[in-house]
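# Observations on the three-dimensional arrangement
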Amino acid sequence: MRSFRFSRSLIFYIKFVGVPLVVIISCILGLWLWQQKKPDTTPIEWQQLIPQKELRQWKHIVMHHSNSVRGSTAGIDKYHREHNKWDGIGYHFVVGNGRGMRKGRIEYTFRWDLQREGAHAGGKDKSYNELGIGICLIGNFEDNHPDPFQIQRSATLCACLIESLPELDVEHIIGHDDVPGKE
């Protein structure tokens, strides 16, 4: 009976190319996962949020959750395009939870940058889409509580918006379920 033997060139390849490649890929993946969990403590300042277009007369802030354990701005954008047939993500801001998007990371979307109406509130009163800033926190808050750091970052974002936009105040922050006439 003949025994099976690897050729010298295959052994060389595995030893000096394959194994180091696996180690490098593992390190990169580990670093990316670690970075996702590390909280984003970048200060939130109005100068970072100034949109390209002239500001709307925003009157509401509508808070949402993604209803998913993990997610990202790009993932929501893709879902809203493919499943809802919208022109993109319905929210103006997204706040990460460390699963698919860095914990506490705040990203604004094209709707904010172009000062476009939202596609997030629903209901019979269209003003909550037309004049409501949609903020989505990644997470399923029907099953789990939001991360305290994520709440802190969202509150800081709301404070920055309220301080900079004269029509807004704390009384005009509502949850998606509290939108009047929502079905």
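Everything below is about the structure printed above this text.
These remarks concern the structure in this document. (Residues numbered from 1 in each chain as written. Predicted model: local features only at pLDDT ≥ 70, side-chain atom pairs only at ≥ 80, totals over all residues. Heavy atoms only, no water.)

What follows covers the overall build of the protein. For the protein, the helix and strand inventory stands at six helices and five strands. In the protein, the succession of α and β elements from N to C terminus is α-α-β-α-β-β-α-α-β-α-β. Residue burial in the protein is summarised as follows: out of 183 residues, 38% are buried. Summarising the internal contacts of the protein: among those between residues at least 6 apart in sequence, 72% fall at separations of at least 24. Roughly 11,600 Å² of accessible area belongs to the protein as shown, and the carbon and sulfur atoms make up 57% of that amount. (Helix = DSSP H or I, 4+ residues; strand = E, 2+ residues; numbered from the N terminus. Buried < 20%, exposed > 50% of the residue type's maximum accessible area, 1.4 Å probe, protein only. Contact = heavy atoms within 4.5 Å. Areas by Shrake-Rupley, 256 points an atom, 1.4 Å probe, with all protein chains shown as cover.)

We now examine unusual backbone geometry. If you check the backbone angles, Asn67 has positive phi at about 65° while not being a glycine. Residue position: Asn67 is located in the loop between strand E1 (60-65) and helix H3 (73-83). Judged by relative accessible area, which is 43%, Asn67 ranks as partly exposed. One non-glycine residue, Gln115, lies in the positive phi region at around 55°. In this structure, Gln115 sits in the loop between helix H4 (110-113) and helix H5 (127-130). Overall, Gln115 belongs to the buried group, its relative accessible area being 5%.

The mixed open sheet is built from five strands, whose spatial order is E3-E2-E4-E1-E5. Strands at the two margins of the open sheet, each flanked by one partner only, are strand E3 (106-108) and strand E5 (173-175). Between one strand and the next, the sheet's axes are offset by a mean angle of 25°, whatever the strand orientation. Note: strand E2 (residues 93-95) against E3, three bridges, orientation antiparallel. Bridge pairing links Phe93 to Tyr108 in E3. On top of the sheet, helix H6 (residues 148-164) reaches E1, E2, E3, strand E4 (132-137) and E5; it is set at about 165° to E4, its chief contact. (Pairing = 2+ DSSP bridges. Axes fitted to C-alpha atoms, helices over the stretch in contact; angles between N-to-C directions.)

On to H6, then. The first and last C-alpha atoms of H6 sit 24 Å apart over 17 residues, in line with the 24 Å expected at 1.5 Å per residue. Buried within H6 we find Phe149, Gln150, Arg153, Ser154, Leu157, Cys158, Cys160, Leu161 and Ile162. The distance from a side-chain oxygen at the start of H6 to the backbone nitrogen of Phe149 is 2.7 Å, and the residue carrying that oxygen is Asp147. (Expected span 1.5 Å × (residues − 1). Polar contact = N/O pair within 3.5 Å; in protein donor to acceptor, adjacent residues only side chain to side chain.)

Core analysis: the largest hydrophobic core is formed by 20 residues, its most contacted members being Leu49, Ile61, Phe93, Trp112, Ile133, Ile135 and Leu161. Broken down by element, the residue count for this core peaks at five residues, all from H6. Residues within four places of Phe93 in sequence aside, it is in contact with Leu49, Ile106, Glu107, Tyr108, Thr109, Trp112, Ile133, Gly134, Ile135, Cys136, Leu157 and Leu161. With seven residues, the next largest nonpolar core counts Ile76, Ile89, Val94 and Met101 among its residues. (Core = buried A, V, L, I, M, F, W, Y, C linked by side-chain atoms within 4.5 Å.)

As a further point, take the pairing of E1. In terms of burial, E1 is largely enclosed, as five of its six residues are buried. Pairing geometry for E1 and E4, over six bridges, is parallel. In the strand pairing of E4, Ile61 is matched with Ile133. Across three bridges, the pairing between E1 and E5 is parallel. For Val62, the partnering residue across the bridge sits in E5 and is Ile174.

With the rule as written, the count across this model stands at eight salt bridges. Across the pair Lys59 and Glu167 runs a salt bridge whose closest N-O atoms are separated by 3.4 Å. A residue pair is termed long-range when its members are at least 10 positions apart, and Lys59 in the loop between helix H2 (46-49) and E1 and Glu167 in the loop between H6 and E5 qualify at 108 residues. A relative accessible area of 32% means that Lys59 is categorised as partly exposed. Across the salt bridge formed by Asp147 and Lys103, the nearest N and O atoms sit 3.4 Å from each other. You can see Asp147 sitting in the loop between E4 and H6 and its partner Lys103 sitting in the loop between E2 and E3, a full 44 residues away along the chain. Taken together, the salt bridges that share partners define one network made up of Asp40, Arg105 and Glu107. (Salt bridge = Lys/Arg side-chain N within 4 Å of Asp/Glu carboxyl O.)

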